[in-house]
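# Chains, contacts and geometry: an overview
The primary structure of each chain is shown beneath.
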Amino acid sequence: MRHLIDPLDFSHEEICSLLDLADRISADPKAYCQVAEHKKLATLFYEPSTRTRLSFEAAMLNLGGHVLGFPSENVSSASKGESVADTIRVISCYADIVAMRHPKEGAPLRASRYSRVPVINAGDGGHQHPTQTLTDLMTIRRRKGRLDKLTIGLCGDLKFGRTVHSLIKTMARCKDIRFVLISPEELRVPDYIIKDVLEANQIPYLETRSLEESMPQLDILYMTRVQKERFFNEEDYIRLKNSYILTRDKMALAKPDMAVLHPLPRVNEIALDVDEDPRAAYFEQVQNGVYVRMALIMTLLGLEEPRAAKEGN
Amino acid sequence: MLNIDEIQNGIVIDHIAAGTAIGLMDLLGIKDNRTASVALIQNARSSKAASGRKDIIKVEGDASWLNLDVLAYLDPNITVTIIQDGKPVHKEKPQPPKKLVNIVRCRNPRCISSIEEECDQIFEMSSNGKYRCIYCEQEMQVKRG
């Protein structure tokens, strides 16, 4: 039985196959509307989420399956002190697959060790968010036509930004990738990503404070929100929250075919007028997220692709 | 030099960086020892150590309860000598294990292991030789002195 806990749980080839399936689904979503009939997805969200939870639920419903679960810790047995290990042993009796979000890092890994059904990490604290990464990869591949030979700028909260950590880990396996890491000193990429991922794989990277200076060299700009919920001290949050704001003026410095990604939700780090720029790809990401989660559910449950869809592509 | 009686049967943990043996006692499990005779020698003269000083721990009798896994990670210069009938019969530099279980707690307050009951504290060696928590990937931090 396979889980998706860490973005590296899937090989690069497996990820490409999954993205191929997501592309086929996006070309003909109706062909897939019955592939998960009689299957149930449990969404265990110990932390509030709008898009990831609804994206998972939409994905399962699009496949003809059913969903159950809880949207926050307050309405689950966790509020009574139940452990993650116990919760997952119980949920394994109710559902065929689980998507878990938890504020504590490593909770989905802990769950996977006790689960009898596949567990998907839907975000664990500031650690990893592998399905967002699949979404990002699908968007990058569709925009740029490739996953290699790219200069990727990551901007904002690179310390607690789990989507950033997962994306770096995964893109580090692609050829000729260069990272530009743009953040305030306090929100730099964690040491384990620098040492174990970038330096261990001899991947070129630049740490900088300047978004403007970085813009002209980027093929992808990945903006992130400074997340209030990750700070123990609100004073630090207030000081750092407006560190980077992407505006139309800054977009004028970028390549004409650069793509701007953002895992959303945004607060003010991308000005609203940037939405009209054809390089803004963040709402496209949301749609891709549903397709890629459909592909992931099918893959982990070992569901057959409908013959009509296969033949049509 | 201060003289401590030679032990007849047991082990000698030698070449410990001066000033760090007290922190090591916890990790070795000596803190909970109620039976074995243990000697701690601090700041003994050393011709090998750059500082000219070292710490030594001697344990008389059965030493199988000692948790020696963590030694190599803490200090690659440490040696462990097994003594039988008053003579050294085996001397080695401990090799760092790939995994450490329930030796050190993860200090990341955001880690699931900080709140989950009955959750083993597991650290695995990463590609750069550092131990990282398997849950949150934070590097292991230990009290060395």
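Residues numbered from 1 in each chain as written. Chains lettered and ligands numbered in written order. Predicted model: local features only at pLDDT ≥ 70, side-chain atom pairs only at ≥ 80, totals over all residues.

## Things to note about the overall build of chain A
- Each helix and strand in chain A was counted, giving twelve helices and nine strands.
- For 313 residues, the compact-globule estimate of 2.2 N^0.38 gives 20 Å, and the C-alpha radius of gyration of chain A, at 19 Å, lies within 12% of that figure.
- Overall, the C-alpha framework of chain A stretches about 55 × 50 × 40 Å when taken along its three principal axes.
- Long-range contacts, defined as pairs at least 24 residues apart, comprise 77% of the intrachain contacts of chain A with a sequence gap of at least 6. (Helix = DSSP H or I, 4+ residues; strand = E, 2+ residues; numbered from the N terminus. Rg over C-alpha atoms; globule rule 2.2 N^0.38 Å. Contact = placed C-beta atoms within 7 Å.)

## Some details on the sheet that holds strand S8 (residues 131-133) of chain B
All names here are of chain B.
- Strand order across the open sheet formed by three strands is S6-S7-S8, with antiparallel pairing between neighbours. Each edge of the sheet is formed by a strand with only one pairing partner; in this case those strands are strand S6 (99-101) and S8. Neighbouring strand axes in the sheet, compared pairwise and without regard to direction, differ in orientation by 25 degrees on average.
- Sheet analysis places strand S7 (residues 122-125) next to S8, joined by three bridges and oriented antiparallel. (Pairing = 2+ DSSP bridges. Axes fitted to C-alpha atoms, helices over the stretch in contact; angles between N-to-C directions.)

## Looking at the interface of chain A and chain B
- With 17 residues of chain A at the contact, the number on the chain B side is 18 residues.
- Looking at the side of chain A that touches chain B, the elements with two or more residues in it are helix H3 (84-91), helix H4 (107-112) and helix H7 (191-199) of chain A.
- The dominant element in the side of chain A that touches chain B, judged by the number of residues it contributes, is H7 of chain A, at four residues.
- A class-by-class count of the residues in the side of chain A that touches chain B yields six nonpolar, five polar and six charged. (Nonpolar A, V, L, I, M, F, W, Y, C, P; charged D, E, K, R; others polar.)

## Regarding the environment of Val84 of chain A
- Mapped onto the fold, Val84 of chain A is located in helix H3.
- When sequence neighbours within four positions are dropped, the list of residues in contact with Val84 of chain A reads Ala107, Arg110 and Ala111 of chain A together with Ile112 and Glu116 of chain B.

## Description of the packing of helix H2 (residues 51-62) of chain A against helix H11 (residues 282-301) of chain A
Residues and elements named next belong to chain A.
- The interhelical angle for the contact between H2 and H11, taken along N-to-C directions, is 55 degrees, at an axis separation of 8 Å. The orientation of H2 with respect to H11, classified from their angle, is oblique. Like other packed secondary-structure pairs, H2 and H11 cross with a definite hand, here right-handed. Mapping the contact onto sequence places Arg51, Ser55, Phe56, Ala58, Ala59, Met60 and Asn62 in H2 and Val286, Gly289, Val290, Arg293, Met294 and Ile297 in H11.
- Of the residues contributing to the contact of H2 with H11, the split by class is eight nonpolar, three polar and two charged. (Parallel < 35°, antiparallel > 145°, perpendicular 65-115°, else oblique. Left-handed = near helix turned anticlockwise from the far one by under 90°.)

## So, the sheet that holds strand S9 (residues 259-261) of chain A
Residue and element names in this part refer to chain A.
- Strand order across the open sheet formed by five strands is S7-S6-S5-S8-S9, with parallel pairing between neighbours. Because the sheet does not close on itself, it has two edges, and the strands there are strand S7 (205-208) and S9. Strand-to-strand twist across the sheet, computed as the mean angle between neighbouring axes with direction ignored, equals 15 degrees.
- Summarising the sheet, strand S6 (residues 177-182) and S7 pair through four bridges and their orientation is parallel. Bridge pairing in S7 places Leu181 opposite Glu207.
- Sheet strands touched by helix H5 (residues 130-144): strand S5 (150-155), strand S8 (220-223) and S9. Its angle to S9, the strand with the most contacts, is close to 170 degrees.

## Topic: unusual backbone geometry
- Residues Leu264 of chain A and Pro265 of chain A are joined by a peptide bond in cis, for which omega reads 5 degrees.
- Its identity as a non-glycine residue notwithstanding, Asn102 of chain B has a phi of 55 degrees, on the positive side.
- Looking at the element boundaries, Asn102 of chain B is found in the loop between S6 and S7.

## A closer look at the domain arrangement of chain B
Residues and elements named next belong to chain B.
- The domains assigned to chain B are domain 1 (10-92) and domain 2 (99-140).
- Contacts between the two partners involve five residues from domain 1, matched on the other side by four residues from domain 2.
- Of the residues contributing to the side of domain 1 that touches domain 2, the split by class is three nonpolar, one polar and one charged. (Domains from an automatic or database assignment.)

## Some points on the pairing of S6 of chain A
Residue and element names in this part refer to chain A.
- Across the six residues of S6, five count as buried, placing the element largely inside the fold.
- Of the pairings in the sheet, the one linking S5 to S6 comprises six bridges and is parallel in character. Each residue of the ladder has a partner; that of Leu150, found in S6, is Ile177.
- Traced from S5 through helix H6 (residues 162-171) to S6, the parallel crossover comes out right-handed.
- Chirality of the crossover, the property in question, places the unit of S6, H7 and S7 among those that are right-handed. (Buried ≥ 20, exposed ≤ 12 C-beta atoms within 10 Å, placed from the backbone. Right-handed = clockwise from strand over helix to strand, strands pointing away.)

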